[in-house]
Amino acid sequence: MSELTGSCHCGAVQITVPGEPFQILQCNCSLCRKTGWIGGFWHPDSVQVDAKPEALRDYVQGDKTITVWHCAKCGSTTHWTPLTAPPDRMGVNMRMFEPDDWQHLPIRKVDGASL
Ligand SMILES: [Zn+2]
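Everything in this summary refers to the structure shown in the same document. Small disclaimer: the values here were computed from a predicted structure and weren't measured. (Residues numbered from 1 in each chain as written. Predicted model: local features only at pLDDT ≥ 70, side-chain atom pairs only at ≥ 80, totals over all residues. Heavy atoms only, no water.)

Of regular secondary structure, the protein possesses two helices and ten strands. Secondary structure elements in the protein, listed N-terminal to C-terminal, are β-β-β-α-β-β-β-β-β-β-α-β. In terms of overall dimensions, the protein has C-alpha extents of about 35 × 35 × 25 Å along its principal axes. Looking at the protein as a whole, 38% of its 115 residues qualify as buried. In the protein, 53% of the contacts between residues at least 6 apart in sequence involve partners at least 24 apart. Surface summary for the protein: the accessible area is close to 6800 Å², and the carbon and sulfur share equals 50%. (Helix = DSSP H or I, 4+ residues; strand = E, 2+ residues; numbered from the N terminus. Buried < 20%, exposed > 50% of the residue type's maximum accessible area, 1.4 Å probe, protein only. Contact = heavy atoms within 4.5 Å. Areas by Shrake-Rupley, 256 points an atom, 1.4 Å probe, with all protein chains shown as cover.)

Here is the structure:
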């Protein structure tokens, strides 16, 4: 697998992952819906986030399990990192990559709104 690099809309935040995920999770919870999130997941050690510290803003909601990051300039929701969630997984918004990088992958729909 070859690595994939994506970015937020303005380019201030670049994300590189080791390859395509085996599936993409699309969730119907309010956060995923409103941020346009579709998720690929990797171990945090294998994801490279290139951004100046001031280029990223954090958002922590509700049960405080994860920190959701977005670009301070263009507002694109780029990734999340675990807070109290298991430390071996983080999520990357696949919409930061070119459609050709992910549109062929299986999408698993998750009913997060009912949890
Ligand atoms: Zn941006």
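That shown, we press on.
Note on aromatic pairs: each is described by the distance of the centres and the angle between the planes. As enumerated under the stated definition, the model contains one aromatic pair in all. A cation over a ring is seen here: R89 above F41, with NZ or CZ 4.2 Å from the ring centre. (Phe/Tyr/Trp six-rings, centres within 6.5 Å; stacked < 30°, edge-to-face > 60°. Lys NZ or Arg CZ within 6 Å of the ring centre and 35° of its normal.)

Every protein donor of the zinc ion is listed here as C8 (SG), C10 (SG), C71 (SG) and C74 (SG), and their distances to the metal cover 2.3 to 2.4 Å. In this structure, the zinc ion is surrounded by four donor atoms whose angles at the metal cover 105 to 117 degrees, and the resulting shape is tetrahedral. All donors of the zinc ion come from a single chain, and their spacing in sequence reads C-x1-C-x60-C-x2-C. According to the relative accessible area criterion, C10 is partly exposed, its value standing at 34%. (Donors = N, O, S within 2.8 Å, 3.2 Å for Na, K, Ca; no water. Tetrahedral: all angles 85-135°; square planar, octahedral: opposite > 155°, others 65-115°.)

A separate point is the side chain of Q23. By secondary structure assignment, the location of Q23 is in the loop between strand 2 (14-17) and strand 3 (24-27). Setting aside residues no more than four positions away along its own chain, Q23 makes contact with G39, P106 and R108.

We now examine the layout of surface pockets. The space that makes up the largest pocket amounts to roughly 670 Å³. Lining the largest pocket are 24 residues, and of these C29, C32, T65, I66 and W80 sit closest to its centre. Of all the secondary structure elements, the ones that give two or more residues to the lining of the largest pocket are strand 3, helix 1 (30-35), strand 7 (66-71) and strand 8 (77-82). The leading source of residues in the lining of the largest pocket is helix 1, at four residues. Tallied by class, the residues present in the lining of the largest pocket amount to 15 nonpolar, six polar and three charged. (1 Å grid on protein atoms, 1.4 Å probe; cavity = no way out; pocket = protein on both sides within 12 Å on 5 of 7 lines; lining within 4 Å. Points joined across faces, edges and corners; volume = space filled by probe spheres on them. Nonpolar A, V, L, I, M, F, W, Y, C, P; charged D, E, K, R; others polar.)

Just geometry here; none of it tells us what the structure is for.
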